[in-house]
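Summary of structural features
Chain by chain, the residues run as shown.
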Amino acid sequence: MKKLVILAVILGLAVAGCGSGGSSESPQETSAAATGGAAPTETKSGGAVPSEAESLATGDIPDNQEFLTFTDGPAGYSIKYPAGWARTGNGNDVTFREKGNLIHIAVRSGPAKSAPGEKQSFTRTSAPDPVTGKRVPLLVDVYEYEKGGKVAVLELETPEGVDNVDAYRMISESFRWR
């Protein structure tokens, strides 16, 4: 019995010794806890390939994203937005946000400044991050929709380098006056 206990202790120390020596995680790799449970995929060269969770962290809207329809009765429109995005505002000024991405709809009286539904694009710099103070370049697509003396201005904002073209096209095409 005593020999079995000693053998168990020796085996336990041997196994523990194999896992010691500090973290071997490189700065490019992300732990499963930080990626929502998904570990990064390794390439043969040892570099990390972004997993879906890491892609989400950068602001990409995944291809399998579920969309919901938001209907604003008082302002008179509906539009699709990604499920899970935080909504602020109401009436004539509504914003949806997630990971540096933004959908902003503002309704006002008057004529459109551009052809209805025509996309205008520009870049601007984000507000400083509250933790790091870092500012990032943002790509902004603006659409105007006019009906009955009202104009809805739709802004779709995403960090530069993030590919949300397909999702943002679907969102802009989903706008409907009620």
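Whatever comes next refers back to the structure up there.
Below or above, wherever it landed, is the structure these notes cover.

What counts, and where the lines are drawn
Residues numbered from 1 in each chain as written. Predicted model: local features only at pLDDT ≥ 70, side-chain atom pairs only at ≥ 80, totals over all residues. Heavy atoms only, no water. Helix = DSSP H or I, 4+ residues; strand = E, 2+ residues; numbered from the N terminus. Buried < 20%, exposed > 50% of the residue type's maximum accessible area, 1.4 Å probe, protein only. Areas by Shrake-Rupley, 256 points an atom, 1.4 Å probe, with all protein chains shown as cover. Pairing = 2+ DSSP bridges. Axes fitted to C-alpha atoms, helices over the stretch in contact; angles between N-to-C directions. Contact = heavy atoms within 4.5 Å. Arc of directions from axis to C-beta.

A few words now on the overall build of the protein. Secondary structure summary: the protein contains three helices and 11 strands in total. In the protein, the succession of helices and strands from N to C terminus is α-β-β-α-β-β-β-β-β-β-β-β-α-β. Counting every position in the protein, which comprises 178 residues, the buried fraction comes to 33%. As displayed, the protein offers around 11,200 Å² of accessible surface, 56% of which is attributable to carbon and sulfur atoms.

What follows concerns the sheet that holds strand S10 (residues 150-159). The strand order across the open sheet formed by six strands is S5-S6-S7-S10-S9-S8, and the pairing between neighbours is antiparallel. A strand with exactly one partner marks an edge of an open sheet, and here the two such strands are strand S5 (86-90) and strand S8 (120-125). The mean angle between the axes of side-by-side strands here comes to 20°, regardless of whether they run parallel or antiparallel. The pairing of strand S9 (residues 137-147) with S10 spans 10 bridges and is antiparallel. By the bridge assignment for S10, Leu139 is matched with Thr158. Sheet strands touched by helix H3 (residues 165-174): strand S7 (101-109), S9 and S10. Its angle to S10, the strand with the most contacts, is close to 170°.

Of the positions making up H3, those classed as buried are Ala167, Tyr168, Ile171, Ser172 and Ser174. In an axial view of H3, the angular spread of the buried residues amounts to 160°, which keeps them on one side of the axis. Facing away from the buried surface of H3 by more than 90 degrees, the exposed residues are Asp166 and Glu173.

Limitation: the analysis is restricted to geometry and does not speak to function.
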